[in-house]
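# Remarks on the overall topology
Each chain is listed here by its residues.
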Amino acid sequence: MNEAVQFHSQIASGWESNYASDVFSVRMKVLSELLADRDLAGQKWLDAGCGTGTLARFLAERKGCKVLGVDASEEMISRCAPAANTKFRQIRDICETGLADETFDGVLCSSTLEYVPDPLAALRELRRVLRPNGLLLVSVPNAHPIARWPVLAIYRLTKHFGRRRWFEYLDHSKHCFSKSRFRALLDSCGFRADAMRTWGGVHGPSPILGHGTLLMFRAVAVDGYEFSGSFPISYGVGTSIHCDRQGLSEAGSSFSTSKLDCAKAPRTRTDGI
Ligand SMILES: C[S@@+](CC[C@H](N)C(=O)[O-])C[C@H]1O[C@@H](n2cnc3c(N)ncnc32)[C@H](O)[C@@H]1O
């Protein structure tokens, strides 16, 4: 078990309660928006790095999917509340799920790739288990300086404050991505991104500082894709900033929030892609 999984095992008992706050429940709002026009009833979905299964249950309850949630942390899996049309299973690593090729109509991977030593290998594995034209929803930390610097500054300033310091997860979150680099990474793994949302910040989903700390991409598994070799562009490693000009031209717009999504209406943004 790697250190990131150990870290999550230690915080597993409190993970589900995170979703009582807007900071986390906004993930369901973002999912709802990106899946609003999709009829997923009866579809088989994988939640890769499912934690305590909140989003897997959301997909089953709200979208009618049959969902398998997998996670490397036994403690997380043991805390997954049972629900209709969901199953949960511990795996060794999302880079080697042991699942059959082209098993799923859709894959969700929320806030997990940044903890995996090799996100490229993980994306390749998720592409392998997804059927051609299946859907991937994947969220990653945003490397854009305006999003990243406030978080990093507070993390570094409070790093020596002991156990209850801010953004402790950054000890283990090793990757962040600019929009264009993550799109390129998706391309190289046989996905075509067709929508994206940004949300989050230092103060929560409607941030005071660090606008858009998280990115969620919706991408389609390209039919006929064959992996061609190594990824040509280096991607974000550690807490360094990887940004590009394209990342600066963000066209923001807010979205309506239904009762389904969450009590308040944290802001998310959408970008042309
Ligand atoms: C930040 S939590 C996200 C949980 C859930 N997806 C959510 O959004 O609520 C990251 C999860 O990824 C899992 N994880 C980290 N590295 C992993 C790996 N290599 N293979 C499988 N799961 C991993 C952790 O155990 C943890 O449950």
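A quick note: this is a predicted structure, and the numbers were derived from the prediction, not measured. (Residues numbered from 1 in each chain as written. Predicted model: local features only at pLDDT ≥ 70, side-chain atom pairs only at ≥ 80, totals over all residues.)

## Here's the deal with the overall build of the protein chain
Convention followed: Secondary structure counts use DSSP, requiring at least four H or I residues in a row for a helix and at least two E residues in a row for a strand, with both numbered from the N terminus. Once C-beta atoms are placed from the backbone, each residue is buried if 20 or more other C-beta atoms lie within 10 Å of its own, exposed if 12 or fewer, and partly exposed for counts between those two.
Within the protein chain, the secondary structure is distributed over 8 helices and 8 strands. For the protein chain, with 273 residues in total, the buried portion stands at 44%.

## Structural notes on helix H6 (residues 119–129)
To keep it simple, the criterion reads: Residues are treated as contacting if the C-beta atoms built from their backbones sit within 7 Å of each other.
Among the residues of H6, those classed as buried are Pro119, Ala122, Leu123, Glu125, Leu126, Arg127 and Val129. The secondary structure elements touched by the buried residues of H6 are strand S1 (44–48), strand S4 (104–109), strand S5 (130–141), helix H8 (179–188), strand S6 (191–199) and strand S7 (214–221).

## As for the site of the ligand
Under the convention used in this document: Being near a molecule or strand means, for a residue, that its backbone-placed C-beta atom lies within 6 Å of it. Nonpolar residues are Ala, Val, Leu, Ile, Met, Phe, Trp, Tyr, Cys and Pro. Charged residues are Asp, Glu, Lys and Arg, and all others, Gly as well, are polar.
The ligand sits among 20 residues. The nearest are Gly49, Gly51, Ala72, Ser73 and Ser110. The leading source of residues in the shell around the ligand is helix H1 (residues 3–10), at 3 residues. Residues of the shell around the ligand, tallied by class, amount to 9 nonpolar, 8 polar and 3 charged.

## Re H1
Selection criterion: This arc is taken over the directions from the axis of the helix to the C-beta atoms.
When we look at burial in H1, the residues that qualify are Ala4, Val5 and His8. Looking down the long axis of H1, one finds its buried residues gathered within 95° of arc, a one-sided arrangement. Residues of H1 that are exposed and point over 90 degrees away from its buried face: Glu3 and Gln10. As for H1, its buried residues are in contact with helix H2 (12–18) and helix H5 (74–78).

## Considering the nonpolar core
Put simply, the rule is: Note on terminology: a nonpolar core is a set of buried residues of type Ala, Val, Leu, Ile, Met, Phe, Trp, Tyr or Cys, with members joined through C-beta atoms within 7 Å.
In this structure, Leu59, Val107, Leu126, Leu136 and Met216 are the most contacted members of the largest nonpolar core, which totals 60 residues. Setting aside anything within four residues of it in sequence, one finds Leu126 in contact with Ala48, Val107, Cys109 and Leu136.

## Considerations on the environment of Asp105
When you line up the elements, Asp105 lands in strand S4. A sequence separation of 30 residues divides Asp105 from Leu135, and the C-alpha atoms of the two residues are 6.5 Å apart.

## Some points on unusual backbone geometry
In most cases, non-glycine residues show a negative phi, while peptide bonds are predominantly trans. Positive phi is not limited to glycine here, since Glu102 has a value of about 50°. Assignment of secondary structure puts Glu102 in the loop between strand S3 (86–90) and S4. Positive phi, normally seen in glycine, also occurs at Asn133, with a value near 70°. Examined against the element boundaries, Asn133 turns out to sit in strand S5.

## Details of the environment of Cys80
Examined against the element boundaries, Cys80 turns out to sit in the loop between H5 and S3. Using a count of 24 C-beta atoms within 10 Å as the deciding quantity, one classes Cys80 as buried. Considering only alpha carbons, one finds Cys80 and Ala56, 24 residues apart in sequence, at a separation of 9.5 Å. Once you skip the residues sitting within four places of it in the chain, Cys80 turns out to touch Cys50, Thr52, Gly53, Gly69 and Phe88.

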